[in-house]
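Residues per chain, in single letters:
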Amino acid sequence: MKKLIFTICLCAIAYFGHSQSSKYLPAMEANLKIMDTAKAASTYLDLSGKFERIANAEKTQWLPFYYAALSLDLYGFQAPESKKDEIGDKALALIDQAQKLNDNSELYAPKYMAYIIQMLVDPMNRYQSYGMLANDALSQGMKLDSLNPRLFYLKGSGLLQTPTFAGGGKDAAKPYLEKSIELFDKEKPAKMYPNWGKTQALETLEKCK
């Protein structure tokens, strides 16, 4: 009897696991395909909502929360009319949900971006608060994975935007961008895992010359 019950449990787990995946994978792949070619801010806002709906349906998956936050960040950067504080707060809340499922280095990229968006509301007065939170996010991510190319890219990009007298500039940014490209060339991400950043890193490195 125990063997029969065990077998039934295994079948139930397999059935429900398959049922969940049968909706999860096509939905994720369809939205990631749109995200790969997205350019308009409105597309990123729409994608964020779609990824969040997937996340709320798939209670054990951190990737939909990640992409919902990343899409929202990209919308915040591109849409001048956007409410940046609200966007940053919402992105951070999505990342917090993902971290409860799987706290990994990838989540600190959209976390950094969310704080930068909030800093951009008033850079002069917010650098010491949101700017520091953003840098802390990168440091925490690098502690979890010192070979994450997206974190090196964001570090270099941030330094390029920072005045030389504050420790930024081309010379400070260049080593991080070169390192990011080296790491991107070695990266072999799993299916649906983050793989963005190399094109942006190459473009940003050009600005250092």
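Residues numbered from 1 in each chain as written. Predicted model: local features only at pLDDT ≥ 70, side-chain atom pairs only at ≥ 80, totals over all residues. Heavy atoms only, no water.

Quick word on unusual backbone geometry
Next, step 1: Phi at Met-192 is positive, roughly 75°, even though this residue is not glycine.
Next, step 2: On the secondary structure map, Met-192 appears in the loop between helix H8 (170–186) and helix H9 (198–206). (Helix = DSSP H or I, 4+ residues; strand = E, 2+ residues; numbered from the N terminus.)

As for the packing of aromatic side chains
Next, step 1: Applying the stated criterion across every chain yields a total of six aromatic pairs.
Next, step 2: Taken together, a centroid distance of 5.5 Å and an interplanar angle of 85° make the contact between Trp-62 and Tyr-193 edge-to-face. With Trp-62 in the loop between helix H2 (41–57) and helix H3 (63–78) and Tyr-193 in the loop between H8 and H9, the pair connects residues that are 131 residues apart, well separated along the chain.
Next, step 3: Among the residues examined, Tyr-193 registers a relative accessible area of 36% and is labelled partly exposed.
Next, step 4: Plain terms: the ring middles of Tyr-153 and Trp-196 are 6.5 Å apart, the flat faces sit at 85° to each other, and that makes the pair edge-to-face. Residue Tyr-153 is found in helix H7 (residues 149–160), and its partner Trp-196 is found in the loop between H8 and H9; the two are separated by 43 residues along the sequence.
Next, step 5: In this structure Trp-196 comes out as buried when scored by relative accessible area, which is 17%.
Next, step 6: Ring pairing ties together the aromatic residues Phe-51, Trp-62, Tyr-66, Tyr-67 and Tyr-193, which thus form one cluster.
Next, step 7: Here the guanidinium or amino end of Lys-155 rests over the ring plane of Tyr-176, the centre of that ring lying 5.9 Å away. (Phe/Tyr/Trp six-rings, centres within 6.5 Å; stacked < 30°, edge-to-face > 60°. Buried < 20%, exposed > 50% of the residue type's maximum accessible area, 1.4 Å probe, protein only. Lys NZ or Arg CZ within 6 Å of the ring centre and 35° of its normal.)

Quick word on the environment of Leu-72
Next, step 1: One can find Leu-72 in helix H3.
Next, step 2: The exposure class assigned to Leu-72 is buried, which follows from its relative accessible area of 7%.
Next, step 3: With 91 residues separating them in the primary sequence, Leu-72 and Pro-163 have C-alpha atoms 27 Å apart.

Some details on the environment of Glu-58
Next, step 1: Along the chain, Glu-58 falls in the loop between H2 and H3.
Next, step 2: Among the residues examined, Glu-58 registers a relative accessible area of 7% and is labelled buried.
Next, step 3: Considering only alpha carbons, one finds Glu-58 and Lys-23, 35 residues apart in sequence, at a separation of 9.5 Å.

Let's talk about the pattern of salt bridges
Next, step 1: All chains considered together, the criterion is met by 11 salt bridges.
Next, step 2: Among the salt bridges present, the one from Lys-50 reaches Asp-46, with a minimum N-O distance of 3.3 Å. Of the two residues, Lys-50 and Asp-46 both sit in helix H2, four residues apart, roughly one turn of that helix. (Salt bridge = Lys/Arg side-chain N within 4 Å of Asp/Glu carboxyl O.)

Regarding H7
Next, step 1: The end-to-end C-alpha separation of H7 is 17 Å, in line with the 16 Å expected for 12 residues at 1.5 Å each.
Next, step 2: By the criterion of burial, H7 is predominantly enclosed, with 11 of the 12 residues buried.
Next, step 3: When H7 is considered as a whole, its buried residues turn out to be Pro-149, Arg-150, Leu-151, Phe-152, Tyr-153, Leu-154, Gly-156, Ser-157, Gly-158, Leu-159 and Leu-160.
Next, step 4: Packed against the buried residues of H7 are H3, helix H5 (108–119), helix H6 (123–144), H8 and H9. (Expected span 1.5 Å × (residues − 1). Contact = heavy atoms within 4.5 Å.)

Some points on the packing of H5 against H6
Next, step 1: Relative to each other, H5 and H6 sit at 175°, their axes nearing to 8 Å. Comparing their axes, H6 and H5 come out roughly antiparallel.
Next, step 2: Here the contact of H5 with H6 is composed, by residue class, of 13 nonpolar, five polar and two charged. (Axes fitted to C-alpha atoms, helices over the stretch in contact; angles between N-to-C directions. Parallel < 35°, antiparallel > 145°, perpendicular 65-115°, else oblique. Nonpolar A, V, L, I, M, F, W, Y, C, P; charged D, E, K, R; others polar.)

Some words on H8
Next, step 1: The end-to-end C-alpha separation of H8 is 24 Å, in line with the 24 Å expected for 17 residues at 1.5 Å each.
Next, step 2: Residues of H8 that are buried: Ala-173, Leu-177, Ser-180, Ile-181, Leu-183 and Phe-184. Taken end-on, H8 shows its buried residues confined to a sector of 165°, consistent with a single buried face. Looking at H8, the residues exposed on the side facing more than 90 degrees away from the buried face are Asp-171, Asp-185 and Lys-186.
Next, step 3: Structurally, H8 contributes buried residues whose contacts are with H7 and H9. (Arc of directions from axis to C-beta.)

Note that all results are geometric; they support no functional claim without further evidence.
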